[in-house]
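Working through the structure, step by step
Each chain is listed here by its residues.
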Amino acid sequence: MASTVEKIRGDLPLLSATTGFIFAFRVCLTYLWFQDEPQTGTIVWLALSLALLTLAMLFSISSPVTVPTAYRTVPIRWAAAILGFSLVSLLWSEAPIEAAAGYWLSWAADVATVWFLLRDADPEVKGAAIMKGFVSGACIVAIIAWIIPAAFDLRLGDLDFLHPNVLGFVFSIATLLAVHLAHETTLWRWPALFLACTLLRTISKSSIFAFLIAFSIYLIRDSALSRKIKIRLAIFAGLIVASLSGLLEAYFTTYTAGTDPETLTGRTFIWAVSFEYALKKPIFGYGFYSYRFIVPRFGTFEAQQAHNELLQQFFSFGAIGVLLTIGVYWTFFRQIRRASASNLKTLAGTILLLALVRGLTDTQIYDFSYPLWLLTMLSILLACHTPQTQPEESAILETTTT
């Protein structure tokens, strides 16, 4: 029996890496295999999420929990409240119940999968495995994006089934994870470089702008990199931008001249319309995954989200959703701020900045700009890395020292 338990626990890093890989790779499922039946692609997405959750629960059922409080951090409780309220909102959601319930199950399953995987004596090992899997999956997606024909607006990806903005979001997060992993093994610098170049080539403006700001702060705060390396990185980034100057100029000439909803001018119109609709149900909103079924098409363009995170939450869940969103971000910021100095703390703070900046002009259809599964994982790792002293223990220590 003991050998069976050890074998199961030994398989957890592999399952963790597989989980991270699927979290990144699944964005291209519909494009590769289900363009004729997009609903089948969504079903496969949900099936993968539920399968990962089932395996994580089975594999971690006998795992000891070394720091119980690490799995009940304040940000995780707020995340649970968000998931709970969004589940209840299915009662009044304007979306088809089967579609909304399916997306909610996938969303909640991803968060629960990570939570179960890290309930082990070595959560840092499992967390690193998830990161490595995600970066590897993102690299495969990047290769696919380079191979397939570019969209008509010159960006990498497919506007119907593999949108450049979705690619940019995945690559921005994966690049930061790869940079973090490079502190352990310098080999991860190459995936980071490849993903950063691919991010730029997507011309996903929100993700690129947010990434540049977040990564600049990361470089400033990262004491492990010498000034010489930082200068070389800046020079290399400048050379990459220069090599793509012709393409970028052609794209932005078309972009600034248009009023399409994908442009900044068009996006402000999306915000105005979304806010106007949201004011009609200001307390509880229209419900989970309801946006695309309420807001009419903008000409030939169908907006699936409000292109602003707080506005999206206000539309879907009203003022309660806004409070919950602010709550999860604020409590996570406080946890990061109180954590002891480490590369993990820098990573968590950098991704938080990335999410906040990107959330000004873009967001996810139903998830947060800081994916809840990733926020949950980093919250647990931060708590395990710097476990809080219990009040009873503090009193005992004070008595002993006096």
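Below, the structure is looked at part by part. Per chain, residue numbering runs from 1 following the sequence as it is written. It should be noted that, the model being predicted, local features are given only for residues of pLDDT at least 70 and side-chain atom pairs only at 80 or more, the latter also being counted only at that level, while totals for whole chains, interfaces and linings use all residues. The basis for every side-chain value is the complete set of heavy atoms in the structure, and neither hydrogens nor water enter the calculation.

Looking at the overall build of the chain
Note the threshold: Working definition: helices are DSSP H or I runs of at least four residues, strands are E runs of at least two. Numbering for both runs from the N terminus. For every residue, the accessible area obtained with a 1.4 Å probe (protein chains only) is divided by the maximum for its type, and the residue is called buried under 20%, exposed over 50%, and partly exposed between those limits. Any pair of residues with heavy atoms lying within 4.5 Å of one another is described as a contacting pair. Each accessible area is a Shrake-Rupley result for a 1.4 Å probe, and residues are judged covered by the shown protein chains and nothing else.
A tally of regular secondary structure across the chain gives 17 helices and zero strands. Across the 402 residues of the chain, 51% fall into the buried class. Taking all contacts inside the chain whose residues are at least 6 apart in sequence as the whole, residues at least 24 apart take part in 78%. Of the roughly 18,800 Å² of accessible surface on the chain, a fraction of 68% belongs to carbon and sulfur atoms.

Comments concerning the packing of aromatic side chains
Test applied: Each Phe, Tyr or Trp ring, with Trp reduced to its six-membered ring, pairs with another whose centre is within 6.5 Å; inter-plane angles below 30 degrees give stacked pairs, above 60 give edge-to-face pairs, and intermediate values give tilted ones. In this scheme, the term charge over a ring applies when either NZ of a lysine or CZ of an arginine sits within 6 Å of the ring centre and within 35 degrees of the ring normal.
Scanning the entire structure with this criterion turns up 24 aromatic pairs. Among the aromatic residues, ring-to-ring pairing joins Tyr 103, Trp 107, Phe 288, Tyr 289, Phe 293, Tyr 329, Tyr 366 and Phe 368 into one connected group. Note that Arg 292 overlies the ring of Phe 293, its terminal NZ or CZ placed 5.5 Å from the centroid.

Thoughts on the nonpolar core
In plain terms, the rule: Working definition of a nonpolar core: buried Ala, Val, Leu, Ile, Met, Phe, Trp, Tyr and Cys residues. They are joined through side-chain atoms within 4.5 Å.
Ranked by size, the top nonpolar core spans 96 residues in total, and within it Tyr 370 and Leu 378 carry the most contacts. For Tyr 370, the contacting residues outside a window of four places in its chain are Tyr 329, Phe 332, Ala 348, Ile 351, Leu 352, Ala 355, Leu 375 and Leu 378. Ranked by size, the runner-up nonpolar core spans 14 residues in total, among them Tyr 286, Phe 298, Ala 306 and Phe 314.

A closer look at the side chain of Arg 155
Quick note on the threshold: Pairs of N or O atoms within 3.5 Å make up the polar contacts considered here, provided that, within protein, one atom can donate a hydrogen while the other can accept it, and that residues adjacent in sequence are counted only when both atoms are side-chain atoms.
Of note, Arg 155 is situated in the loop between α6 (123–147) and α7 (164–181). Judged by its relative accessible area of 2%, Arg 155 falls in the buried class. For Arg 155, the side chain forms a polar contact with the side chain of Asn 165, separated by 3.3 Å.

So, the packing of helix α4 (residues 74–88) against helix α5 (residues 97–117)
Note the following rule: Between the N-to-C directions of two axes lies an angle of 0 to 180 degrees, each axis being a line fitted to C-alpha atoms and, for a helix, fitted only over the stretch in contact. We call two directions roughly parallel when the angle between them is under 35 degrees, roughly antiparallel when it is over 145, roughly perpendicular when it lies between 65 and 115, and oblique otherwise. Less than a right angle of anticlockwise turn of the near helix away from the far helix marks a crossing as left-handed, whereas a clockwise turn marks it as right-handed. For this scheme, ten residues count as nonpolar: Ala, Val, Leu, Ile, Met, Phe, Trp, Tyr, Cys and Pro. Four count as charged, namely Asp, Glu, Lys and Arg, and the remainder, Gly too, count as polar.
The contact between α4 and α5 brings their axes to 11 Å, and the two run at 165°. Classified by the interaxial angle, the pair formed by α4 and α5 is roughly antiparallel. Considering how the two elements wind past one another, α4 and α5 form a crossing that is left-handed. The segment α4 lies against α5, with Ile 82, Leu 83, Ser 86 and Leu 87 engaging Trp 104, Trp 107, Ala 108 and Val 111. Of the residues contributing to the contact of α4 with α5, the split by class is seven nonpolar, one polar and no charged.

Quick notes on the packing of α4 against helix α14 (residues 309–338)
Remark: α4 packs on α14, axes separated minimally by 8 Å, with the N-to-C direction vectors making an angle of 160°. Between α4 and α14, the crossing angle belongs to the class labelled roughly antiparallel. Remark: the crossing between α4 and α14 carries left-handed chirality. Where α4 approaches α14, its residues Val 74, Pro 75, Trp 78, Ala 79, Ala 81, Ile 82, Phe 85 and Ser 86 are matched on the opposing element by Phe 317, Ile 320, Leu 323, Leu 324, Gly 327, Val 328, Thr 331, Phe 332 and Gln 335. For the contact of α4 with α14, the class distribution of residues is 13 nonpolar, four polar and no charged.

Details of the environment of Trp 92
Structurally, the position occupied by Trp 92 is in the loop between α4 and α5. For Trp 92, a relative accessible area of 27% puts it in the partly exposed group. Along the sequence, Trp 92 and Tyr 286 sit 194 residues apart, while their C-alpha atoms lie 6.8 Å from each other. Among residues more than four places away in sequence, those in contact with Trp 92 are Phe 85, Phe 284, Gly 285, Tyr 286 and Gly 287. Within polar-contact distance, the side chain of Trp 92 engages the backbone oxygen of Phe 284 at 3.4 Å.

Let's talk about the pattern of salt bridges
Counted only if it meets this: Salt bridges, as used here, are contacts in which a Lys or Arg side-chain nitrogen is within 4 Å of a carboxyl oxygen on Asp or Glu.
For the coordinates displayed, the defined rule picks out four salt bridges. Put simply, Asp 110 and Arg 26 hold a salt bridge, and the shortest N to O gap is 2.7 Å. Note that Asp 110 is positioned in helix α5 and Arg 26 in the loop between α1 (2–25) and α2 (29–33), a separation of 84 residues in sequence. Taking the relative accessible area as the measure of exposure, Arg 26 reaches 7% and is therefore buried. Put simply, Arg 358 and Asp 362 hold a salt bridge, and the shortest N to O gap is 3.6 Å. Take Arg 358 and Asp 362: they sit in the same class, and that class is buried.

Section: the environment of Asn 343
When you line up the elements, Asn 343 lands in helix α15 (residues 343–358). Considered as a pair, Asn 343 and His 180 are 163 residues apart in the sequence and their alpha carbons are 7.0 Å apart.

Details of a nonpolar patch on the surface
Selection criterion: Here a patch means residues that are over 30% exposed by relative accessible area and free of salt bridges, tied together within 9 Å if like-charged and within 5 Å if nonpolar (Val, Leu, Ile, Met, Phe, Trp, Tyr).
Where nonpolar side chains cluster on the molecular surface, the patch consists of Phe 21, Ile 140, Ile 143 and Ile 147 and spans about 350 Å² of accessible area. According to the relative accessible area criterion, Ile 140 is partly exposed, its value standing at 34%.

Comments concerning unusual backbone geometry
Phi at Ile 203 takes a positive value of approximately 50°, unusual for a residue other than glycine. Looking at the secondary structure, you find Ile 203 in the loop between α8 (189–202) and α9 (205–221). Residue Ile 203 is classed as buried on the basis of its relative accessible area of 1%. In this structure, His 307 takes a positive phi of about 60° despite not being glycine. Here His 307 lies in the loop between α13 (291–294) and α14. For His 307, a relative accessible area of 5% translates into the label buried.

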